[in-house]
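Inside the fold
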Amino acid sequence: MIKLRRIVDDVSERQHNGSGLRRRDTHLLRTIIIKRLSLVAFFAAMSATAATHEYVVTVAEDLGQIQVVARFGAAVTDVSARSRSAGEFLISAHDCNRDNTLPIAPRLVIPNSGLRCLAYRVDLEKAASLDRRYYQSDAKSLIVRIPLWMWRPRLGGADEVIVSFELPDGVNVSVPWQPLADREDSFRLTSSPQSGSAIAIFGEFAAETVRVADADLRIVSVPSRANPISAEVIDWTRKTAELVALAYGRFPNRYARVLLLPVANRRSESAVQFGRVVRDGGNTIELMVDPSKPEESFLNDWTATHEFSHLMLPYIDRDERWISEGFAQYYQNILLARAGRYTQQFAWQKLNNGLVRGRESAPDLSPNEAAGGEERNTRMKVYWSGAALALLADVELRRRSAGEESLDYVLGRFQSCCLPSPRTWTGMELFEKFDALIDEPLFVDLYQRHADAAGFPEFRPVLDKLGVVVAGQDVRLADDAELGEIRDSLTARRYTGESGK
Ligand SMILES: [Zn+2]
């Protein structure tokens, strides 16, 4: 069973509850907003030249407040913070070119004539205290969601914000944005999917940049007196991230950030209690880990591999998240087998079990209905219908091309052209792009056959040909299978850097 605590997610858009809107209303509202914003972004990209906005963020010694001075590349009228709660933490705001105070209640009001320079102060500690999950009043660092303090214009295609932090001695900052090579504590924020969940950390914390395949991964450990993150856990994080390179030889994102959030949970054996990817101004993989768990628990974990696997795809519209979740489910098992953390047999057992449960889940719904609708108990459908589709595509690509093409090959080419992506993709767009990267189309056909059809992609004949034989609950691998070589190319061990289980 997947434990509820170990919810795995790929977050770019998060609703703020408590507005009085029912879920269906917010869903509809979100759809309308996304469509409007796409149009706005489209026209902005067509009409405007790129703007560079310069932000200087000065952090108070006690981390209580920040002062932000924003100089805009062009006059702006649409400055917002993307969180309904942000106004509560705004202490003051003024137009720094005219020295006019700007109204801030109930929200920041920008004059119709536009603004070239905005200075504002935020109660950082109060904003941090909103998230009980992260907040420790005695800690020497503050974890604050960026939409609670970052007031900025919407970014068109080539717009950017250069943010420089002025920090007291001993205070560091971590944000998901791209660090500037030539300026310390300065970052570049460009257009991206948006999330209410993007996190900044201020204060004392450990951070290191490690080389993962050909990428720089920033690993940030949130400090905890009771449960400090050890060097072994950081090393496990690096090695687990590196498993993703077993797909096509590279890490999918050159500047990703991992946040290790220490927790203690004696009632669970899992080393990783929760994981998710947050896409906003950069990709952050958040892992809530229990550093007190033995090494064995970390090596048995699949949550982190699942989250890292998400980075091989761009952010896909939440209503079609069966694609992103399914590809991550498929790859977490494939990669853990290639790494030797799973035996081949164990990987196919996990895939078979998941696919069977996916087939039994919400059989009357299509994957799109299961992912986008209000019905409950669709989780297995959402997580495994995309995995079935990934398996069918992968085996067919390998079969018809005699191993020249594969899902690894498609995703590698996709990474070269399109990752990290500044925007949200639809499933159809993604599969059209995949088809453009291979000899003969395959993906759009699979999408059209399954995305809006009830039932579940038929996976059993493919498993039979691969020699994945099911007897009762158990899976056995046959020696003489028609597609046995393909099975081995999918899950045979490729990596000898660590011992298997
Ligand atoms: Zn996921």
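In this text, all values refer to a predicted model and were calculated from it rather than measured experimentally.

1. Thoughts on empty space enclosed by the protein
What the rule picks out here adds up to two cavities of 30 Å³ or more. By volume, the largest cavity amounts to about 40 Å³. In this structure, the largest cavity is lined by Ser 309, His 310, Met 312, Leu 313, Ser 324, Phe 327, Ala 328, Tyr 331 and Leu 411. At the level of secondary structure, the elements contributing two or more residues to the lining of the largest cavity comprise helix 6 (303-310) and helix 7 (321-338). Here the element with the most residues in the lining of the largest cavity is helix 7; it accounts for four residues. Grouping the amino acids of the lining of the largest cavity by side-chain chemistry returns six nonpolar, three polar and no charged.

2. Here's the deal with the pairing of strand 3 (residues 65-76)
The pairing of strand 2 (residues 52-59) with strand 3 spans six bridges and is antiparallel. Its bridge partner being in strand 3, Val 59 is matched across the sheet by Ile 66. The loop that links strand 2 with its antiparallel partner strand 3 comprises five residues; one of these, Leu 63, has a positive phi angle of about 65°. The sheet contact formed by strand 3 and strand 6 (residues 115-123) spans eight bridges and is antiparallel. Within strand 6, the position partnered with Ala 70 by the bridge is Leu 118.

3. Focus on the packing of aromatic side chains
Counted by the stated rule, this structure contains 20 aromatic pairs. Taking the centre distance of 6.4 Å and the plane angle of 70° together, the rings of Trp 149 and Phe 165 count as edge-to-face. Of this pair, Trp 149 sits in the loop between strand 7 (141-145) and strand 8 (160-166) while Phe 165 sits in strand 8; the two residues are 16 residues apart in sequence, bridging distant segments of the chain. The residues Trp 149 and Phe 165 share a single accessibility class, namely buried. Their ring planes at 35° and their centres at 6.3 Å tell us that Phe 327 and Phe 431 sit as a pair that is tilted. Within this pair, whereas Phe 327 is found in helix 7, its partner Phe 431 is found in helix 12 (residues 427-436), the two being separated by 104 residues in sequence. In this pair, the class of Phe 327 matches that of Phe 431, namely buried. Counting every residue linked through ring pairs, the aromatic cluster contains Trp 322, Phe 327, Phe 414, Trp 425, Phe 431, Phe 434, Phe 443 and Tyr 447. The side chain of Arg 379 reaches across the aromatic face of Tyr 383, ending 4.5 Å from its centre.

4. Some points on the pattern of salt bridges
Here the structure, examined in full by the defined rule, presents 18 salt bridges. Notably, a salt bridge pairs Asp 408 with Arg 338, separated by 3.0 Å at the nearest N-O pair. Pair noted here: Asp 408 is in helix 11 (residues 407-418) and Arg 338 is in helix 7, with a separation of 70 residues, a long-range link. The exposure class of Arg 338 is buried, given its relative accessible area of 0%. Here Arg 399 and Glu 396 are joined by a salt bridge, their closest N and O atoms 2.9 Å apart. Note that Arg 399 and Glu 396 are positioned in helix 10 (residues 379-400) at a spacing of three residues, about one turn of the helix. Overall, Glu 396 belongs to the partly exposed group, its relative accessible area being 27%. In this structure, a network of salt bridges that share partners links the residues Asp 235, Arg 238, Lys 239 and Glu 242.

5. A look at the state of the cysteines
For the coordinates displayed, the defined rule picks out two disulfides. The disulfide partner of Cys 96 is Cys 117, and the gap between their sulfur atoms is 1.8 Å. Because the sign of the S-S torsion sets the handedness, a value of about -90° for the bond joining Cys 96 and Cys 117 places this disulfide among the left-handed ones. With Cys 96 in the loop between strand 4 (90-95) and strand 5 (100-101) and Cys 117 in strand 6, this pair connects stretches of sequence that are 21 residues apart. Judged by relative accessible area, which is 27%, Cys 96 ranks as partly exposed. Two residues share a disulfide in this structure: Cys 417 and Cys 418, whose sulfurs sit 2.2 Å from each other. Here the S-S torsion is close to -95°, and the disulfide linking Cys 417 with Cys 418 is therefore left-handed. Given the relative accessible area of 40%, Cys 417 is considered partly exposed. The buried category is assigned to Cys 418, whose relative accessible area is 14%. Described in terms of the sequence order of its bonded cysteines, the disulfide pattern of the protein is 1-2, 3-4.

Rules of the game
Residues numbered from 1 in each chain as written. Predicted model: local features only at pLDDT ≥ 70, side-chain atom pairs only at ≥ 80, totals over all residues. Heavy atoms only, no water. 1 Å grid on protein atoms, 1.4 Å probe; cavity = no way out; pocket = protein on both sides within 12 Å on 5 of 7 lines; lining within 4 Å. Points joined across faces, edges and corners; volume = space filled by probe spheres on them. Helix = DSSP H or I, 4+ residues; strand = E, 2+ residues; numbered from the N terminus. Nonpolar A, V, L, I, M, F, W, Y, C, P; charged D, E, K, R; others polar. Pairing = 2+ DSSP bridges. Phe/Tyr/Trp six-rings, centres within 6.5 Å; stacked < 30°, edge-to-face > 60°. Buried < 20%, exposed > 50% of the residue type's maximum accessible area, 1.4 Å probe, protein only. Lys NZ or Arg CZ within 6 Å of the ring centre and 35° of its normal. Salt bridge = Lys/Arg side-chain N within 4 Å of Asp/Glu carboxyl O. Disulfide = S-S within 2.5 Å.

That is the geometry; function is a separate question.
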